[in-house]
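Structure assessment
What follows is the residue order along each chain.
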Amino acid sequence: MRMRKKPNLIPRMEKCAAVQLMEPEEYRGRWKEAFPGFDALHVELGCGKGRFTADTAETNPHVLLVAIEKVPDAMVVAMERVCDRGLTNARFMDRDVVRLPEIFEKGEVDRIYINFCDPWPKSRDAKYRLTAPDFLRKYADVLPVGGQIHFKTDNTPLFTWSVEQFESEGWALSEVTNDLHANGPVGIMTDYEAKFHAEGMPINRLVATRTEHTKDSSAGSAGRLRNAFLSDAKGHQEDQA
């Protein structure tokens, strides 16, 4: 669903300018120097309207949380949430995820969050999934050994496929579940997650930890992904013809 255009978008963005990074590449290799006083650097890929961003930042004041969002009409809501609470440990930027190694030095990021990303169900589009091998290698470029990816999705076929990609790329998996909130709400939710949970839809989650055997970009391109079609969240399978 296309997001409705926000009225007065530019003035609203300008009011939140203090938390938006226009040239994040200039901090590469010196994030903790440029933003002192934080114990860790976490990155959220696709923050949407920022419920998870604001709640996570508020709950973890010792962590600098950098949220990436390419849709300005969503990002402005997220920035307003952070500014309204007076949070000083969250920043936002409009960048493509493929540019992560241009923004963060090797081993500079401690944790990456991937929440409810687009499943791109068609096989020909599998390379765009944020858990595709080439993306996983870019994450490995900026995470140290022991660094983690926290991944959540309502789409079970995407989750199953993603588990296979993580394992084949040398990540150690833990906390793997197909029904995170089976015994009641667990952890901080996104806006989508709260909606899905209220509707009784199970949430998949895992933690992937970078190991000495995890592949990074030095391994080259993962190549073309074949036979990677998915069923969507409603169980409708892609036409394989």
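Please refer to the structure placed before this passage.
Residues numbered from 1 in each chain as written. Predicted model: local features only at pLDDT ≥ 70, side-chain atom pairs only at ≥ 80, totals over all residues. Heavy atoms only, no water.

1. A short note on the overall build of the protein
When helices and strands are counted, the protein shows eight helices and seven strands. At 18 Å, the protein has a C-alpha radius of gyration in line with the 18 Å of a compact globule built from 241 residues. The buried share of the protein, taken over its 241 residues, is 48%. Partitioning the contacts of the protein with sequence separation of at least 6, the portion at a separation of at least 24 is 78%. (Helix = DSSP H or I, 4+ residues; strand = E, 2+ residues; numbered from the N terminus. Rg over C-alpha atoms; globule rule 2.2 N^0.38 Å. Buried < 20%, exposed > 50% of the residue type's maximum accessible area, 1.4 Å probe, protein only. Contact = heavy atoms within 4.5 Å.)

2. Section: the environment of Ala 132
Turning to its location among the elements, Ala 132 is positioned in the loop between strand E4 (111–115) and helix H6 (133–142). We classify Ala 132 as buried; its relative accessible area is 2%. Put simply, Ala 132 and Phe 166 are 34 residues apart on the chain and 8.6 Å apart in space, counted from C-alpha to C-alpha. Excluding residues within four positions of it along the chain, Ala 132 makes contact with Ala 126, Lys 127, Trp 161 and Leu 225.

3. Some words on the sheet that holds strand E7 (residues 204–209)
Each strand in a sheet pairs with its neighbour through backbone hydrogen bonds, running either in the same direction (parallel) or in the opposite one (antiparallel). Across the sheet, seven strands lie side by side as E3-E2-E1-E4-E5-E7-E6; this open sheet has mixed pairing. Taken across any chain shown, the strands that pair with only one partner, and hence form the sheet edges, are strand E3 (90–93) and strand E6 (172–177). The mean angle between the axes of side-by-side strands here comes to 15°, regardless of whether they run parallel or antiparallel. Here E4 runs beside strand E5 (residues 148–153); their pairing, made up of five bridges, is parallel. Opposite Tyr 113, over in E5, you have His 150 as the bridge partner. (Pairing = 2+ DSSP bridges. Axes fitted to C-alpha atoms, helices over the stretch in contact; angles between N-to-C directions.)

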